Amino acid sequence: MYPSAPPPERHTETPPPQLDLTKQRGLALARYRRGRPNALQGISMETRHGEVVRRCSDQIALRRGSSSAHGGDAFNPPAHQNLCSPLSPPASRHRHGIQPRPPPHPRTVRFPVIRRCDSNELHWVCWSAPPPPPSVYTGAEKRPPGRPISTTRTLSTPSPGLILPSKSSSLSSPALSSNSHDTHSSSSSSAPAETSAEVHAQHAARPPKGPRSSSPSPVELLPDHALLQVFARLPTNQLCRCARVSRRWYNLAWDPRLWASIRLTGELLHADRALRILTRRLCQDTPNVCLTLETVVVSGCKRLTDRGLYVLAQCCPELRRLEVAGCYNVSNEAVFEVVSRCPNLEHLNLAGCSKVTCISLTEEASLQLAPAHGQQISISFLDMSDCLSLEDEGLRIIASHCPRLTHLYLRRCPRLTDEALRHLALHCPSVRELSLSDCRLLGDFGLREVARLEGRLRYLSVAHCPRITDVGVRYVARYCPRLRYLNARGCEGLTDHGLGHLARSCPRLRSLDVGKCPLVSDGGLERLALCCAGLRRLSLRACESVSGRGLRAVAANCGELQLLNVQDCEVSPEALRYVRRHCRRCVIEHTNPAFY
């Protein structure tokens, strides 16, 4: 048996070497980034067996050069041959049983366009013949008729003749050259060098953005002085937000005239950092010194510490008003620094600062002052309510350093005694308003010292001081005839005799509160009504001895009465109606359901 003859060898054409996929992508991106007009020249794409195959157009031109005899060229392949077909010739495709692809539209070139440089997403761009003129659609002109903007986007791109250089024609036969010449001549006669390409994106493209409207908003038409008037009525946080709108608003919002006061609120606000940033910005025109800031209100900012006050003391020498009520982390040292470095400070609110025990100058400031000044502080308004650590010695230091005090509020300071009021009357003769409410250790001796203030005292509150009786009220009424306001609520030792002395000695009394004084009755009200005809506010809450007779006397003689509090009093509805008839403007607070 002879061995069978070997099968005849099949002669297949070896495809030319292909460029690596990574190299092709790198070359395309390099050309695209350098901005060359032929940046997309050497790329072609085709889906074959589920894979994306990219080839170089130069190799395609070389491959098609051998088939020029069939009537095709690198730019216009014959009908049975696709420019983007595999490298194997049509004959080999028929030999292997592979049907040729349908011919594309004549004079059609396909190449991918990289929409984003940071992704590998490629899209087909079909060059149609004849291409539409560039005047059909540009960036600012109308879109082509019949083409929705939401699905397609038209870009102005160089013509196919510029994408493939003319040097490739030297690789083809004379027939190719003539065909190419005819093609170029026909295209040049029907369309200009610039043509349009239609990019089909995967997602709906956004419509092109037109130019912004040149007409300014109505707010921008306002002059600077009008905007400054608006900004002057904004709080600090809103003013800082306005500074972030535009450059013009930024310059106007930081006008020094708008920053005469700073008001910060919020328990969680980092007040130290806020004050540091604001003062640093306000100190740009005058290095390290802010000459415009006069008022700082940070009441309720519980995170405020001594650091924030140190910043104010160093940068704000013209500070006149400081309110740090409820900031319990503030201590004596920071307060001393502020009052020493801010000589014009007049208003100081330290209510609720439990660590503050006194107000004084620092040692350095005390040494710098001349003996003639007596180490004085120019504070005239001081509120130290709820300063639980304040004692008699601290109030003595305050009175000795602040002789200009006119308004002093010492509510709920349980450690103060009558001795403290003696120092106050000795060093601060200008006090006009004094509040000693809930200072339960004060008595008649302390009121006798307060009476030494004589004709300057206008406002006095001794509410809930159980040790005060008619004796202390008599001293005050005798030596303070210009008293306008007296709050003696809860002074259970006050009777009709003390009320009578007050009415005779203080005829200009405008407001009186004797609530929860069980010994006050109709007799005291009758004396009060006869002597104090200008009374406007009267509180008799929980006065069990008051009846309708006393109210009728008050209503008949005090026609300017505006507020009457008779809650928890046994008063008949007829008496209340009588008050309403004679005092038209009076607001009656009561607990009688029969009166309406």
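Scroll up a little and you will see the structure.
Since the structure is predicted, the reported quantities are computational estimates derived from the model, not experimental observations.

Visitor: Lay out the overall build of the protein with the relevant residues and their values.
Guide: Along its length, the protein carries 20 helices and 19 strands. The proportion of buried residues among the 596 residues of the protein is 43%. Long-range pairs, those at least 24 residues apart, make up 71% of the contacts in the protein with a sequence separation of at least 6. Counting only carbon and sulfur atoms, one obtains 52% of the accessible surface of the protein, whose full area is about 32,700 Å².

Visitor: Hey, could you go over the packing of aromatic side chains for me, with residue numbers and the actual values?
Guide: Tallying each qualifying case throughout the model produces 4 aromatic pairs. Seen in terms of ring centroids, F231 and W249 are 5.4 Å apart; in terms of plane orientation they differ by 70°. Their pairing is edge-to-face. Taken together, the positions of F231 in helix α6 (residues 224–231) and W249 in helix α8 (residues 247–253) put the pair 18 residues apart, joining distant regions of the chain. For W249, a relative accessible area of 13% puts it in the buried group. Judged by centre distance (4.4 Å) and plane angle (5°), the ring pair of Y459 and Y485 falls under stacked.

Visitor: I'd like a description of the environment of A253, backed by residues and values.
Guide: Structurally, A253 is set in helix α8. Its relative accessible area of 0% is what places A253 among the buried residues. The spatial distance from the C-alpha of A253 to the C-alpha of Q238 is 10.0 Å, given a sequence separation of 15 residues. Ignoring any residue separated from it by four or fewer positions in sequence, one finds A253 in contact with F231, L239, A243, L258 and W259.

Visitor: Residues and numbers for unusual backbone geometry, please.
Guide: Here R412, not a glycine, exhibits a phi torsion of approximately 55°, which is positive. Mapped onto the elements, R412 comes out in the loop between β12 (407–409) and α14 (418–427). By relative accessible area, which is 35% here, R412 ends up partly exposed. In this model, A542 sits at a positive phi of 60°, which is unusual for a non-glycine residue. Judged by its relative accessible area of 23%, A542 is partly exposed.

Visitor: Report on a positive patch on the surface, specifying residues and quantitative values.
Guide: Together, R273, R276, R280 and R307 line one region of the surface with positive charge. Considering each element in turn, the positive patch owes the most residues, 3 residues, to helix α9 (residues 271–282). Relative to the elements of secondary structure, R273 occurs in helix α9. Looking at R273, the relative accessible area reads 47%, which means it is partly exposed.

Visitor: Can you explain helix α10 (residues 306–315)? Please cite residues and give values.
Guide: Of all 10 residues making up α10, 7 are buried, and the element is well covered by its neighbours. The complete set of buried residues in α10 reads D306, G308, L309, V311, L312, A313 and C315. Its buried side turned inward, α10 meets α9, β8 (295–297), β9 (321–323) and α11 (332–341).

Visitor: Please provide a residue-by-residue account of the environment of S437, values included.
Guide: You can see S437 is positioned in the loop between β13 (433–435) and α15 (444–450). A relative accessible area of 7% means that S437 is categorised as buried. Through-space distance from the C-alpha of S437 to that of H464 is 6.1 Å; in sequence the pair is 27 residues apart. Filtering out sequence-adjacent residues up to four positions away, S437 remains in contact with L410, R411, R412, S461 and A463. Within the structure, S437 has its side chain in polar contact with the side chain of S461 (distance 2.5 Å).

Visitor: Describe the environment of L424, naming the residues involved and giving the relevant values.
Guide: When you line up the elements, L424 lands in helix α14. The class of L424 is buried, set by a relative accessible area of 2%. Separated by 27 residues in the primary sequence, L424 and I397 have C-alpha atoms spaced 9.6 Å apart. Other than its neighbours up to four places away in sequence, L424 contacts A399, L408, V431 and L434.

Rules used throughout
- Residues numbered from 1 in each chain as written.
- Predicted model: local features only at pLDDT ≥ 70, side-chain atom pairs only at ≥ 80, totals over all residues.
- Heavy atoms only, no water.
- Helix = DSSP H or I, 4+ residues; strand = E, 2+ residues; numbered from the N terminus.
- Buried < 20%, exposed > 50% of the residue type's maximum accessible area, 1.4 Å probe, protein only.
- Contact = heavy atoms within 4.5 Å.
- Areas by Shrake-Rupley, 256 points an atom, 1.4 Å probe, with all protein chains shown as cover.
- Phe/Tyr/Trp six-rings, centres within 6.5 Å; stacked < 30°, edge-to-face > 60°.
- Patch = residues over 30% accessible without salt bridge, like charges linked within 9 Å, V, L, I, M, F, W, Y side chains within 5 Å.
- Salt bridge = Lys/Arg side-chain N within 4 Å of Asp/Glu carboxyl O.
- Lys, Arg positive; Asp, Glu negative; His and termini not counted.
- Charge placed at Lys NZ, Arg CZ, Asp CG, Glu CD.
- Polar contact = N/O pair within 3.5 Å; in protein donor to acceptor, adjacent residues only side chain to side chain.

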